[in-house]
Amino acid sequence: MVAHRLSKEAKPAAIYSSDLKRAAETAQTIARICNLPNVVFDPALRERHIGDMQGMKFHDAATERPEAYKAFMSHKRNQQIPGGGESLDQLSERCVSCLINIVEKHKGERVIVVSHGGTIRELYRHASPMRPIQGKIHNTSVSVILVSSITGRCIVKMVGDISHLQATGVLENAFGGDKNSA
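None of these values were measured; they are calculated from a predicted model.

What about the packing of helix 5 (residues 88-105) against helix 6 (residues 117-127)?
Their axes nearest at 9 Å, the elements helix 5 and helix 6 cross at an angle of 75°. The angle between the axes of helix 5 and helix 6 places the two elements in the roughly perpendicular class. On the side of helix 5, the interface is formed by L88, L91, S92, C95, V96 and L99, while helix 6 contributes G118, T119, E122, L123 and H126.

Examining the UniProt feature "binding site: substrate" (unreviewed entry) in the protein chain
Per the UniProt record, "binding site: substrate" (unreviewed entry) is annotated on R22. Along the polypeptide, R22 turns up in helix 2 (residues 21-33).

Observations regarding the sheet that holds strand 3 (residues 111-114)
An order of 2-1-3 is seen for the 3 strands of this open sheet, with the pairing classed as parallel. Each edge of the sheet is formed by a strand with only one pairing partner; in this case those strands are strand 2 (40-41) and strand 3. Inspection of the sheet shows strand 1 (residues 14-17) paired to strand 2 by 2 bridges, in the parallel sense. The partner of Y16 across the bridge, within strand 2, is V40. In the packing of helix 2 onto the sheet, the strands contacted are strand 1, strand 2 and strand 3, and the crossing angle to strand 1 comes to about 170°.

Quick look at the nonpolar core
In this structure, L6, I15, I30, I112 and V114 are the most contacted members of the largest nonpolar core, which totals 14 residues. Listing elements by their share of this core, those giving two or more residues are helix 1 (2-7), helix 2 and strand 3. In terms of residue count, helix 2 provides more of this core than any other element does, 4 residues in total. Not counting the four nearest positions on each side in its chain, I15 is found in contact with A27, I30, A31, L36, N38, V39, V40, I112 and V114.

Quick notes on the side chain of H106
Counting through the fold element by element, H106 comes out in the loop between helix 5 and strand 3. At 2.8 Å, the side chain of H106 forms a polar contact with the side chain of Y16. A polar atom in the side chain of H106 sits 2.8 Å from the side chain of E109. Among all residues touching H106, those that are not within four sequence positions of it are A13, A14, Y16 and V111.

Focus: the packing of aromatic side chains
The full count for this structure, using the stated rule, is 2 aromatic pairs. For the ring pair F58 and Y69, a centre distance of 5.5 Å and an interplane angle of 50° mean the geometry is tilted. You can see F58 sitting in helix 3 (residues 58-64) and its partner Y69 sitting in helix 4 (residues 66-73), a full 11 residues away along the chain. According to the relative accessible area criterion, Y69 is partly exposed, its value standing at 23%. Between F58 and F72, the aromatic rings sit 5.9 Å apart at their centres with planes inclined by 70°, giving edge-to-face as the arrangement. Of this pair, F58 sits in helix 3 while F72 sits in helix 4, and the two are 14 residues apart along the sequence. We classify F72 as partly exposed; its relative accessible area is 26%. Ring-pair connections join several aromatic residues into one group, and the members of that group are F58, Y69 and F72.

Procedures and definitions
- Residues numbered from 1 in each chain as written.
- Predicted model: local features only at pLDDT ≥ 70, side-chain atom pairs only at ≥ 80, totals over all residues.
- Heavy atoms only, no water.
- Axes fitted to C-alpha atoms, helices over the stretch in contact; angles between N-to-C directions.
- Helix = DSSP H or I, 4+ residues; strand = E, 2+ residues; numbered from the N terminus.
- Parallel < 35°, antiparallel > 145°, perpendicular 65-115°, else oblique.
- Contact = heavy atoms within 4.5 Å.
- UniProt positions renumbered as here; feature names shortened; annotations may be inferred.
- Pairing = 2+ DSSP bridges.
- Core = buried A, V, L, I, M, F, W, Y, C linked by side-chain atoms within 4.5 Å.
- Buried < 20%, exposed > 50% of the residue type's maximum accessible area, 1.4 Å probe, protein only.
- Polar contact = N/O pair within 3.5 Å; in protein donor to acceptor, adjacent residues only side chain to side chain.
- Phe/Tyr/Trp six-rings, centres within 6.5 Å; stacked < 30°, edge-to-face > 60°.

In structure tokens, the structure reads:
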């Protein structure tokens, strides 16, 4: 649905994606439907590395990896997660640097970036530091951030839009609607 929505908008010059499976597959579908020749996979667009909690179910982490869980739940932006996990500051530095590189390569062009909730939150936080995101960043939601290639100033035009999913019925069964989906 997101690919069809994007195919009806102005043609993008490029598509970048996290190289993690779910984002990569979504990006490849978007590229195919939008007639883009290839996807540029960049590990800098990956989700936050959560150290000792990596690969665990969230509800198990509190009891099985309490130190990592406590660090993950901390509101301290410089708090690293035991086991090689990133702090929010490290995640922000990684994904914002990637965005800046993309902007430099595509001045004046429209680009699609496919990533993950934590990464998207940090990009939004960089673009609009005074207005925190309210609620969840849903899978296949669309956010639009305009970035000046001259000043680097960002303008958030849209965040987390899922209007393309309204008529599909997926919203009743996904994104926590069934209490099992993410």
